[in-house]
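# Reading the structure
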Amino acid sequence: MSAGKKGSVIFSGFRALGLYSNHLAHVLRFHKKHREFYVITAVGQCFHTFNVKKLGIVAVSNALPEDISCLAADRMLVYAAHGKVISAFAKNKEVVHTYTGHQAEVHLLLPFGDHLISVDKENVVIIWDVESEDTYLQISFDKVSFEVSAVMHPSTYLNKILFGSSQGSLQLWNVKSNKLLFTFSGWTSAVTVLQQTPAVDVVGVGLASGQIIIHNIRFDETLMKFQQDWGPITALSFRTDGHAVMASGSPIGHIGLWDLEERKIIGQMRDAHTTAIAGLTFLHSEPLLITNGADNAIRVWIFDIAGGEGRLLRHRIGHSAPPTKIRHHDQSGLHLLSSGQDGTLQSFSTVHERFNKSLGHGTLNKTKAKKKGVKHDTAKLPAITTFASETARQSDWDGIIACHRGFLLATSWNYQKGSIGAHKLEPERFNRNRSLNVHATAVDISSCGNFAVIALSSGHIDMYNMQSGLHRGHYGEDKAHAGPVRGVSVDALNQLTVSVGADHLLKIWKFKSKELLHTHSLTAAPASSLLHRDSGMLAISLDNFTVHILDMETRRIVRRFSGHRGQVNDMTFSPDGRWLITASMDCTIRTWDLPSGSLVDCFLVDAAAVSLSMSPTGNFLASSHVDGLGVYLWSNNTLCSMVSLRPLPADYEPTVIMLPGSCPSKDTEEEEVLDDDSSEMVEYISPAQLDEELVTLSLLPDSRWKNLLHLDIIKKRNKAKEPPKLPKAAPFFIPTIPGLVPQFALPETPAGDQSKVVNLGVLAQKSTFYLQLEKAFDSCSYEEPVKLMRELGPSAIETELRALSPDMGGDVRVMQSFLKMIICILQSKRDFDLAQAYLALFLKLHLRFIAEEPQLMEEAQRVSGILEEMWISVQMLLNQNICLLSYIKSALL
């Protein structure tokens with residue numbers, strides 16, 4: 001496919017990691033055949049289905065054009081509202097029905113048997129026939145007197161629907177007869193939740209005032225009231241496993257547990273989520289509670305301990321705020337470390353969610369943070385801005401070092417323990433003075449895992465021991481740079497440290513002695529740097545939106561890449577060091593080819609990428625984006641298919657690629673169909689001869705021409721040792737004539753008048769090749785004889801060349817024509833190998849005869865002269881190529 005139609009020839013969207021939930025309530029389904037519960041959560045433009053047993057992802061739906069605004073499900077279908085449209089999904093993936101008719105955004109859905117009830121922001125209720133997609137009934141409410149805010153179907157109430165309003169009143173409708181049956185006066189507060197209790201006729205009503213009303217709708221009687229002090233009720237659920245317990249959700253992430261028999265609160269699950277409880281559901285006849293929230297988390301709680309409170313059984317947690325930096329952790333490429341604006345450091349697995357783990361939130365005092373909790377920890381650290389990880393000694397001590405926004409100290413983290421580490425690395429020169437406006441800006445860990453190098457905004461660069469956390473010196477007499485240090489890297493062998501600073505200088509230091517070896521002046525202030533340790537290439541992004549590549553061996557700038565129109569946010573090398581992939585605020589992701597120094601791939605994304613990381617195995621590119629909670633994986637097409645890369649022109653306009661899990665709108669699809677891309681990659685067909693100056697060999701197999709001089713040896717070697725023996729005739733196998741009556745066949749007697757003298761006229765017949773040579777002698781066009789010879793086998797070629805001699809019925813004129821054919825082949829510079837082989841066999845067979853004929857001798861001398869001339873030309877070409885190859889092998893970039 002063309003680059004214009006595909007967007008990127010190298011990368012294609014694969015999947016998103018770390019996306020589990022948003023602000024919409026989850027939906028619970030029970031699969032009768034599997035005998036298993038499934039939970040469905042909305043994530044942007046698609047929804048994810050997880051099994052409750054292990055919280056493993058089962059399916060990801062096809063994406064919708066807009067973000068999902070409401071979710072609902074029945075036994076067969078999942079309904080998702082997006083804008084004014086409702087889509088019905090089958091098998092958790094494919095859209096099978098679409099319901100259009102609303103004039104405003106749909107915000108409530110309720111499956112109702114063979115029908116679907118939907119409510120939009122304009123207070124219009126439409127009841128749809130699920131199969132036919134037709135409108136069964138439409139009800140319009142007055143927004144001033146009754147604005148629908150909740151809807152439910154009371155159990156055993158045939159064709160009845162209960163509506164709750166923002167004004168506080170409730171209305172019970174018969175949707176079959178389109179009649180209002182009863183109006184409940186309400187409790188002077190907006191209804192936020194309506195939930196059926198395990199008892200028939202009894203409904204749980206959650207109000208915006210924090211009140212929970214247990215109301216009997218048959219007798220219009222309030223049975224009990226509860227008051228929650230955490231704000232409006234966001235969700236309600238009732239246990240059905242023999243305990244009369246109700247759970248209520250709040251906007252601040254707490255869950256209240258209420259005993260309905262004793263009419264009192266029996267427990268509080270504080271900080272169940274860091275944001276509002278979007279949905280909570282007790283599993284039928286099981287002591288399990290499922291909750292989800294806008295903090296991108298799904299949690300399953302089990303009630304198996306005394307006291308009534310649930311304990312966390314299993315969970316899936318992603319970042320609750322956009323990631324700031326992502327990096328692959330080890331050489332397997334299976335684990336991605338990600339730091340987010342929520343202050344956490346997390347590890348995502350590209351294999352399965354069960355291998356994910358959260359390393360927690362940064363804190364100055366780990367012990368106090370455990371006691372108080374993250375939310376109330378006064379010593380918690382701000383978000384991580386950058387980090388470095390190394391696996392060499394991670395089983396012995398901490399292997400991750402991180403810098404925090406606005407903080408001087410750097411923290412160590414332990415990947416295997418899954419928590420913040422033992423050390424807070426801070427130089428003593430500032431005497432722990434927090435009022436100084438100095439913070440850590442860049443960090444790197446040596447490949448051995450023993451040392452960490454931390455750069456500061458004051459221009460200092462310090463080295464620490466990762467095992468003990470002790471300070472092991474600093475670079476420069478006082479400061480390494482006159483301004484903030486923007487990047488620091490250590491080479492693969494712990495020989496050199498390279499740093500770039502806002503003072504427009506790049507400095508190379510001896511790692512151990514801290515001695516300055518080299519200083520290079522940059523054309524603009526650097527923004528960041530990245531070292532590819534295996535190749536020794538250092539990429540430096542500058543504030544003028546260009547990227548420079550410095551070779552650590554020669555200490556020279558070897559490549560300069562320009563084309564970005566915004567700040568370069570992040571860079572990553574391919575494992576072999578051939579590609580540099582950069583992401584910029586101009587929403588492009590560009591791939592630069594280092595050997596050719598050109599841009600080979602470029603595509604646009606909807607939201608600018610803030611961080612990139614290429615897998616050490618080269619199979620995936622990971623990216624995180626502005627305002628996106630997930631980490632997106634892009635598969636490398638060059639590993640599984642033949643991709644032809646060519647430099648993109650300077651005026652190349654990239655096209656937008658949707659992030660994995662999102663889909664293009666209809667308009668862009670139509671544009672793609674209409675747009676005939678002129679940059680389509682046409683399959684290259686090699687011509688018969690690349691250039692007239694070049695010598696071209698034939699594509700015939702070696703067996704067709706290489707053994708022409710040794711045919712006599714081959715025939716002698718393949719000659720049978722004994723003549724073939726006739727089988728003994730069996731007397732009872734007498735041939736018979738076919739027919740109804742069996743008759744024996746008599747042997748044929750040879751005719752008596754047949755001559756035994758060999759007819760030489762048969763042997764004197766001229767072959768096609770012979771005739772074509774005769775014809776070509778006059779016309780000087782030898783294309784047909786050459787074409788015929790290419791089709792002949794070795795034995796046939798020898799027979800044809802023997803037949804050219806007058807002794808075998810040939811002629812001197814035809815032999816002369818053959819030599820002219822050889823001259824023609826040599827002058828065309830094509831089939832060079834065939835010409836040599838045919839000439840060698842011809843001379844072997846007819847050398848003596850040629851020496852006796854003056855005409856043939858004259859022609860042979862012409863052939864010899866042209867052959868010598870040709871060989872000198874070939875030798876020069878070979879010498880030039882050998883010289884160029886040896887230079888490329890020995891010369892450095």
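Residues numbered from 1 in each chain as written. Predicted model: local features only at pLDDT ≥ 70, side-chain atom pairs only at ≥ 80, totals over all residues. Heavy atoms only, no water.

Looking only at helices and strands, the protein chain has 11 helices and 58 strands in total. By the compact-globule yardstick of 29 Å for 893 residues, the protein chain is too spread out, its C-alpha radius of gyration being 42 Å. When its C-alpha atoms are laid out on the principal axes, the protein chain stretches across 130 × 105 × 55 Å. Going through the 893 residues of the protein chain one by one, you find that 49% of them count as buried. Taking the intrachain contacts of the protein chain between residues at least 6 apart in sequence as the baseline, contacts between residues at least 24 apart amount to 46%. On the protein chain, roughly 45100 Å² of surface is accessible, and the fraction owed to carbon and sulfur atoms is 53%. Counting 86 positive and 92 negative side-chain charges, the protein chain places the averaged centre of each group 8 Å from the other. (Helix = DSSP H or I, 4+ residues; strand = E, 2+ residues; numbered from the N terminus. Rg over C-alpha atoms; globule rule 2.2 N^0.38 Å. Buried < 20%, exposed > 50% of the residue type's maximum accessible area, 1.4 Å probe, protein only. Contact = heavy atoms within 4.5 Å. Areas by Shrake-Rupley, 256 points an atom, 1.4 Å probe, with all protein chains shown as cover. Lys, Arg positive; Asp, Glu negative; His and termini not counted. Charge placed at Lys NZ, Arg CZ, Asp CG, Glu CD.)

Centre distance and the angle of the planes are the two values used to describe a pair of aromatic rings. Enumeration according to the criterion identifies 16 aromatic pairs in this entry. Summarising the aromatic geometry, the rings of Phe 47 and Phe 89 are spaced 4.9 Å apart at their centres and angled 90° between planes, so their arrangement reads as edge-to-face. With Phe 47 in strand 4 (residues 46-51) and Phe 89 in strand 8 (residues 85-90), the pair connects residues that are 42 residues apart, well separated along the chain. Overall, the relative accessible area of 0% leaves Phe 47 in the buried class. Their ring planes at 35° and their centres at 5.2 Å tell us that Phe 141 and Phe 146 sit as a pair that is tilted. Judged by relative accessible area, which is 11%, Phe 141 ranks as buried. For Phe 146, a relative accessible area of 3% corresponds to the buried category. An aromatic cluster of three or more residues is present, and its members are Phe 141, Phe 146, Phe 163 and Trp 173. (Phe/Tyr/Trp six-rings, centres within 6.5 Å; stacked < 30°, edge-to-face > 60°.)

Okay, the pairing of strand 24 (residues 255-259) next. Across the five residues that make up strand 24, a large majority, five, are buried. Of the two faces of strand 24, the one holding Ile 255, Leu 257 and Asp 259 and the one holding Gly 256 and Trp 258 are both buried throughout. Pairing of strand 23 (residues 245-249) with strand 24 involves five bridges; the strand directions are antiparallel. If you follow Val 245 over to strand 24, its bridge partner there is Asp 259. Following strand 23, the chain reverses through five residues before pairing antiparallel with strand 24; Gly 253 in that reversal takes a positive phi of roughly 95°. (Pairing = 2+ DSSP bridges.)

With that settled, consider the state of the cysteines. This model, assessed by the stated rule, comprises zero disulfides. Its sulfur unpaired, Cys 602 is 11 Å from the next cysteine sulfur, which belongs to Cys 587. (Disulfide = S-S within 2.5 Å.)

Attention now moves to the side chain of Asn 296. Its place among the elements puts Asn 296 in the loop between strand 27 (288-293) and strand 28 (297-302). Residue Asn 296 is classed as buried on the basis of its relative accessible area of 1%. A polar atom in the side chain of Asn 296 sits 2.7 Å from the backbone oxygen of Gly 18. In contact with Asn 296, not counting residues within four places along its chain, are Gly 18, Leu 19, Tyr 20, Ser 21, Arg 316, Ile 317, Gly 318, His 319 and Leu 629. (Polar contact = N/O pair within 3.5 Å; in protein donor to acceptor, adjacent residues only side chain to side chain.)

In this section: the nonpolar core. Counting 39 residues, the largest nonpolar core has Leu 804, Phe 818 and Met 821 as the members making the most contacts within it. Only helix 6 (768-779), helix 7 (783-791), helix 8 (794-802), helix 9 (812-828), helix 10 (832-852) and helix 11 (854-890) provide two or more residues apiece to this core. The element that contributes the greatest number of residues to this core is helix 9, accounting for 10 residues. In this structure Leu 804 touches Tyr 770, Leu 773, Gly 810, Asp 811, Val 814, Met 815, Phe 818 and Phe 842, once residues within four positions along its chain are discounted. Grouped together as the second largest cluster of nonpolar side chains are 21 residues, Phe 11, Leu 19, Ala 583 and Val 605 included. (Core = buried A, V, L, I, M, F, W, Y, C linked by side-chain atoms within 4.5 Å.)

Let us now look at the packing of helix 7 against helix 9. Viewed as axis vectors pointing N to C, helix 7 and helix 9 meet at an angle of 90°, and their least axial separation amounts to 10 Å. The angle between helix 7 and helix 9 places the two elements in the roughly perpendicular class. From helix 7, Pro 785, Val 786 and Met 789 reach across to helix 9, where they touch Phe 818, Met 821 and Ile 825. Residue classes in the contact of helix 7 with helix 9 are distributed as six nonpolar, no polar and no charged. (Axes fitted to C-alpha atoms, helices over the stretch in contact; angles between N-to-C directions. Parallel < 35°, antiparallel > 145°, perpendicular 65-115°, else oblique. Nonpolar A, V, L, I, M, F, W, Y, C, P; charged D, E, K, R; others polar.)

The strand order 22-23-24-25 describes an open sheet built from four strands, whose pairing is antiparallel. Looking at which strands have only one partner, the edges of the open sheet turn out to be strand 22 (235-238) and strand 25 (264-269). Averaged over all pairs of adjacent strands, the angle between their axes in this sheet comes to 20°, without regard to strand direction. The sheet contact formed by strand 22 and strand 23 spans four bridges and is antiparallel. Of the residues in strand 23, the one forming a bridge with Phe 238 is Met 246.

Let us look at the packing of helix 8 against helix 10. For any two helices packed against each other, the geometry is given by the interaxial angle and the distance between the axes. Where helix 8 meets helix 10, the axes come as close as 10 Å, and the angle between the chain directions of the two elements is 50°. One element, helix 8, and the other, helix 10, form an angle in the oblique class. Crossing hand, helix 8 versus helix 10: right-handed. Along its contact with helix 8, which presents Ile 797, Glu 798, Leu 801 and Arg 802, the element helix 10 presents Tyr 838, Leu 841, Phe 842, Leu 845 and His 846. Tallied by class, residues from the contact of helix 8 with helix 10 come to six nonpolar, one polar and two charged. (Left-handed = near helix turned anticlockwise from the far one by under 90°.)

Turning to the pattern of salt bridges, a few remarks are in order. One pass over the full model with this rule turns up 18 salt bridges. Of the charged contacts, one joins Asp 295 and Arg 299 as a salt bridge, the two residues approaching to 3.6 Å between their closest N and O atoms. Between Asp 570 and Arg 327 there is a salt bridge, with the nearest N and O atoms lying 3.1 Å from each other. Of this pair, Asp 570 sits in strand 50 (residues 568-573) while Arg 327 sits in strand 30 (residues 323-328), and the two are 243 residues apart along the sequence. Taking relative accessible area as the criterion, Asp 570 reaches 7% and is therefore assigned buried. Connected through shared salt-bridge partners, Glu 390, Asp 444 and Arg 533 make up one network. (Salt bridge = Lys/Arg side-chain N within 4 Å of Asp/Glu carboxyl O.)

Ordered by their spatial adjacency, four strands build an open sheet running 18-19-20-21, and the pairing between neighbours is antiparallel. With one partner strand each, in any of the chains shown, strand 18 (191-196) and strand 21 (221-227) form the two edges of the open sheet. For this sheet the average axis-to-axis angle between neighbouring strands, irrespective of direction, equals 20°. Sheet topology note: the strand 19 (residues 202-207)/strand 20 (residues 211-216) ladder contains five bridges and is antiparallel. Among the inter-strand pairings, Val 202 is bridged to a residue of strand 20, identified as Asn 216.

A cluster of nonpolar residues, Leu 334, Val 351 and Phe 355, forms a patch on the protein surface that exposes about 250 Å² of accessible area. Of note, Leu 334 is situated in the loop between strand 30 and strand 31 (335-340). (Patch = residues over 30% accessible without salt bridge, like charges linked within 9 Å, V, L, I, M, F, W, Y side chains within 5 Å.)

Our next topic: the pairing of strand 9 (residues 94-100). Where strand 8 and strand 9 come together, six bridges link them in antiparallel fashion. Across the sheet, residue Ala 90 finds its bridge partner in strand 9, namely Glu 94. Between the antiparallel neighbours strand 8 and strand 9 lie three residues, among them Lys 91 with a positive phi of about 55°.

For the rest of this paragraph, the subject is the environment of Glu 261. By the element assignment, Glu 261 lies in the loop between strand 24 and strand 25. The spacing of Glu 261 and His 243 is 18 residues in sequence and 9.2 Å in space, taken between C-alpha atoms.

Per-residue confidence for the protein chain gives a mean pLDDT of 87; residues scoring 70 or more make up 91%. Note on residues 662-681: pLDDT under 50 across the span, and 21 contacts to partners over four residues away in sequence or across chains. Within the model, pLDDT remains below 50 along residues 758-762, and this stretch shows zero contacts once partners closer than five positions in the same chain are excluded. (pLDDT = per-residue confidence, 0-100.)

The subject of this paragraph is unusual backbone geometry. Located in the positive-phi region is Asn 494, a residue other than glycine, with phi close to 55°. Within the element layout of this structure, Asn 494 appears in the loop between strand 42 (485-490) and strand 43 (496-501). We note that Cys 780 has phi near 55°; this positive angle belongs to a residue other than glycine. Topologically, Cys 780 is positioned in the loop between helix 6 and helix 7. Judged by relative accessible area, Cys 780 falls into the exposed class, the value being 53%.

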